[in-house]
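One-letter residues, chain by chain:
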Amino acid sequence: MEFQNLLDDIVGSIKPRLGEGNVANSIPELAAVEPNQFGISVATREGEVYSSGDSETPFSIQSISKVFALALVLARDGESIWNRVFREPSGNPFNSLVQLEHENGIPRNPFINAGALVVTDRLLSVSAGEANGVLGLLRDESGNAVLQVDTGVAASESRHNHRNQALAHFLASCGNLDNPVDDVLDAYINQCAVSASCTDLALASRFLAANGARRDGAALLDPHQTKRINAMMVTCGTYDAAGEFAYRVGLPGKSGIGGGIIAVVPNYCAICVWSPRLGSSGNSIAGVAALDEFTSCTGLSIF
Ligand code: GLU
C-alpha cells in the first residue's frame, strides 16, 4: 500500500485541529512541551517505514510503556501474571483508588496504573540485575540505541506521584507486590519517562503486528500471546474511551498522557501518532482523529 501520500495528507488535514484540547499537567514537566506538534509513522512488519510531520521528535511515552512491560512479563514468565491482574475494562479513571479497594487489591487490567504497577513488580522479579527492561526492549526493536529516560520528566513525576504511591502501598497491603514499594515506583516512573519518536515507537511495536516476532526474527511472544495483548489494547488501551476508539479507529491501541498513541494492524503494520493536546478522556485529540482518517482511507481495521 502507498502510505507516504496518505500520511502527508493526514498531516495537512489534522493541522486545523492542533489547537484543540490541553496538554497533560499531572506531571508538571510534561506541560513544558510545545503543544501544536503532530507526527505520524507507520512501520510494516517487513520493516518499511513511512513518516510525516513531527515524526522524529522524541516525546514522553508515558502509559504506552505499559504494553512493553506486559510483553516482557509474558515473554519471561508466561501467564502467571493473570493470577494478580484481571483483564476487564475498568470504567474508572486510570489512576482510580476506589475500584482497587472494592476488588481486594487485584487491578482490573494491566493498563490502568494499579495493574501496570503489578506488572512492573513482576518484571523486576523476573529480570533480576537487568537495568533496562522496557528501555532495552524499545532500543532493540526500534534500532535506536540512544533512546533514553528523560530524567527531568522522571524527577517531576517522582515529586508529584502521590496517587501512584497510594496505589502501590495499597497493593502492598493486599500482598500484591513482591518488591519494595519504592523500587516498583522508581521502575514504573522510569519506564513511563522514556522519550521516543513516532518512528521509534512504530518500529518498536512491530512485534505486535508480526505474531510476536522481534526485529531479528526471534520470537518475543508466541502468536497467542500477541493476540491477547492486542485484544487487551482494544478493550483497555485508551482509558475510558476504548469504546469510542474502537468505534472510530477500529484497531488495538494504547495511548499515553504525553500525547502518543500506538496502534496495530495485526499481521500488517504498527502505527504511532503523537500530538500533545489531550481530550477529556486523556487521549490525544489530533492523534485519534489521524488514526480515524488512516483506517477510514485504507480500510485497515480489525472490524
Ligand atoms: N506516568 C503516568 C502516571 O502514572 C502515566 C499516565 C498515562 O500516560 O496514562 O500517572
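Because the structure is a prediction, the values reported are computed rather than measured.

Asker: How do you make sense of the pairing of strand β2 (residues 39-44) when you look at a structure like this?
Answerer: When a strand is regular, its side chains alternate between the sheet's two faces. Summarising burial for β2: six of the six residues are buried, a large majority. A two-sided burial pattern is seen for β2, the buried positions comprising Gly 39, Ser 41 and Ala 43 on one face and Ile 40, Val 42 and Thr 44 on the other. Pairing geometry for β2 and strand β3 (residues 49-53), over five bridges, is antiparallel. Its bridge partner being in β3, Gly 39 is matched across the sheet by Gly 53. Taking the residues between adjacent antiparallel strands as the criterion, β2 and β3 are bridged by four residues, where Gly 47 takes a positive phi near 105°. Here six bridges tie β2 to strand β9 (residues 269-274), and the two strands are oriented antiparallel to one another.

Asker: Please clarify how the packing of aromatic side chains should be interpreted in this entry.
Answerer: This model, assessed by the stated rule, comprises six aromatic pairs. With centroids separated by 6.1 Å and ring planes inclined at 65°, the aromatic side chains of Phe 68 and Phe 207 adopt a geometry described as edge-to-face. With a gap of 139 residues between them, Phe 68 in helix α2 (residues 65-77) and Phe 207 in the loop between α9 (198-204) and α10 (223-236) connect regions that are remote in the sequence. Each member of the pair, Phe 68 as well as Phe 207, is classed as buried. Clustering of aromatic rings is evident, with ring pairs tying together Phe 3, Tyr 50, Tyr 268 and Phe 294.

Asker: Looking at this model, I keep getting lost on helix α1 (residues 4-14). Mind explaining?
Answerer: For an α-helix the count is 3.6 residues per turn, leaving residues at separations of three or four pointing the same way. Within α1, the full set of buried residues consists of Leu 6, Leu 7, Ile 10, Val 11 and Ile 14. Considered in projection along α1, the buried side chains sweep an arc of 140° and stay on one side of the axis. Counted as exposed and oriented over 90 degrees from the buried face of α1: Asn 5 and Asp 9.

Asker: I'm lost on empty space enclosed by the protein in this one. Help?
Answerer: Over the atoms, a rolling probe the size of a water molecule traces out where space has been left empty. Per the counting criterion, the structure on display carries one cavity of 30 Å³ or more. Estimates place the volume of the largest cavity at around 70 Å³. Around the largest cavity, the lining residues are Ser 90, Asn 92, Pro 93, Ser 96, Gln 99, Leu 100, Glu 103, Ile 106, Pro 107, Arg 108, Ile 112 and Ala 114. Along the lines of polarity and charge, the residues of the lining of the largest cavity split into six nonpolar, four polar and two charged.

Asker: Help me out: how do you make sense of the site of the ligand in this one?
Answerer: Lining the immediate environment of the ligand, one finds Ile 27, Gln 62, Ser 63, Phe 94, Asn 113, Glu 157, Asn 164, Tyr 188, Cys 192, Tyr 239, Gly 256 and Ile 257. Note that a nitrogen atom of the ligand is positioned 2.6 Å from one of the side-chain N or O atoms of Gln 62. At 2.8 Å from an oxygen atom of the ligand is found a main-chain nitrogen or oxygen belonging to Ile 257. Coverage of the ligand by the protein chains reaches 95% of its 290 Å² of free accessible surface. Of the residues assigned to the shell around the ligand, the class counts are six nonpolar, five polar and one charged.

Asker: What should I look at first to understand the sheet that holds β3 in this one?
Answerer: Whether parallel or antiparallel, the strands of a sheet pair through hydrogen bonds between backbone atoms. Strand order in this open sheet of five strands is β3-β2-β9-β8-β7, and the pairing throughout is antiparallel. Every other strand in the sheet has two partners, leaving β3 and β7 (253-255) as the edge strands with one partner each. Averaged over all adjacent pairs, the angle separating strand axes in this sheet is 10°, with direction ignored. Set on the sheet, helix α12 (residues 285-298) makes contact with β2, β8 (260-265) and β9; between it and β9 the angle comes to about 145°.

Asker: Explain the packing of α1 against α12 to me, please; I cannot follow it from the model alone.
Answerer: When two helices pack together, their arrangement is given by the angle between their axes and by how far apart the axes lie. Packing of α1 against α12 leaves a shortest axis separation of 10 Å and a crossing angle of 135°. Overall, the two elements α1 and α12 adopt an arrangement that is oblique. Note on packing geometry: the crossing formed by α1 with α12 is right-handed. Across from Leu 6, Leu 7, Asp 9, Ile 10, Ser 13 and Ile 14 in α1, the residues of α12 making contact are Ala 286, Ala 289, Ala 290, Glu 293, Phe 294, Cys 297 and Thr 298. Residue composition of the contact of α1 with α12, grouped by class: nine nonpolar, two polar and two charged.

Asker: How should the nonpolar core be read in this particular structure?
Answerer: Generally speaking, soluble globular proteins have nonpolar side chains that are buried together. By size, the foremost hydrophobic cluster in this structure holds 67 residues, and its most contacted members are Phe 68, Leu 138, Leu 201 and Ile 229. Of all the elements, α2 adds the most residues to this core, at eight residues. Look past the residues within four positions of Phe 68 in its chain and what remains in contact with it is Val 134, Leu 137, Leu 138, Leu 201, Ala 204, Ser 205, Phe 207 and Ile 262.

Asker: For this particular structure, what's the right way to read helix α6 (residues 151-159)?
Answerer: For α6, the set of buried residues is Val 153, Ala 154, Ser 156 and Glu 157. The buried residues of α6 occupy an angular sector of 165° when the element is viewed end-on, so they sit on one face. Seen from the buried face of α6, the exposed residues on the opposite side, beyond 90 degrees, are Thr 151 and Arg 159. In this structure, the buried side of α6 is in contact with β4 (59-60), β5 (148-149), α7 (162-173) and α8 (181-192).

Rules used in this analysis
Residues numbered from 1 in each chain as written. Predicted model: local features only at pLDDT ≥ 70, side-chain atom pairs only at ≥ 80, totals over all residues. Heavy atoms only, no water. Buried < 20%, exposed > 50% of the residue type's maximum accessible area, 1.4 Å probe, protein only. Helix = DSSP H or I, 4+ residues; strand = E, 2+ residues; numbered from the N terminus. Pairing = 2+ DSSP bridges. Phe/Tyr/Trp six-rings, centres within 6.5 Å; stacked < 30°, edge-to-face > 60°. Arc of directions from axis to C-beta. 1 Å grid on protein atoms, 1.4 Å probe; cavity = no way out; pocket = protein on both sides within 12 Å on 5 of 7 lines; lining within 4 Å. Points joined across faces, edges and corners; volume = space filled by probe spheres on them. Nonpolar A, V, L, I, M, F, W, Y, C, P; charged D, E, K, R; others polar. Near = heavy atom within 4 Å. Polar contact = N/O pair within 3.5 Å; in protein donor to acceptor, adjacent residues only side chain to side chain. Areas by Shrake-Rupley, 256 points an atom, 1.4 Å probe, with all protein chains shown as cover. Axes fitted to C-alpha atoms, helices over the stretch in contact; angles between N-to-C directions. Contact = heavy atoms within 4.5 Å. Parallel < 35°, antiparallel > 145°, perpendicular 65-115°, else oblique. Left-handed = near helix turned anticlockwise from the far one by under 90°. Core = buried A, V, L, I, M, F, W, Y, C linked by side-chain atoms within 4.5 Å.

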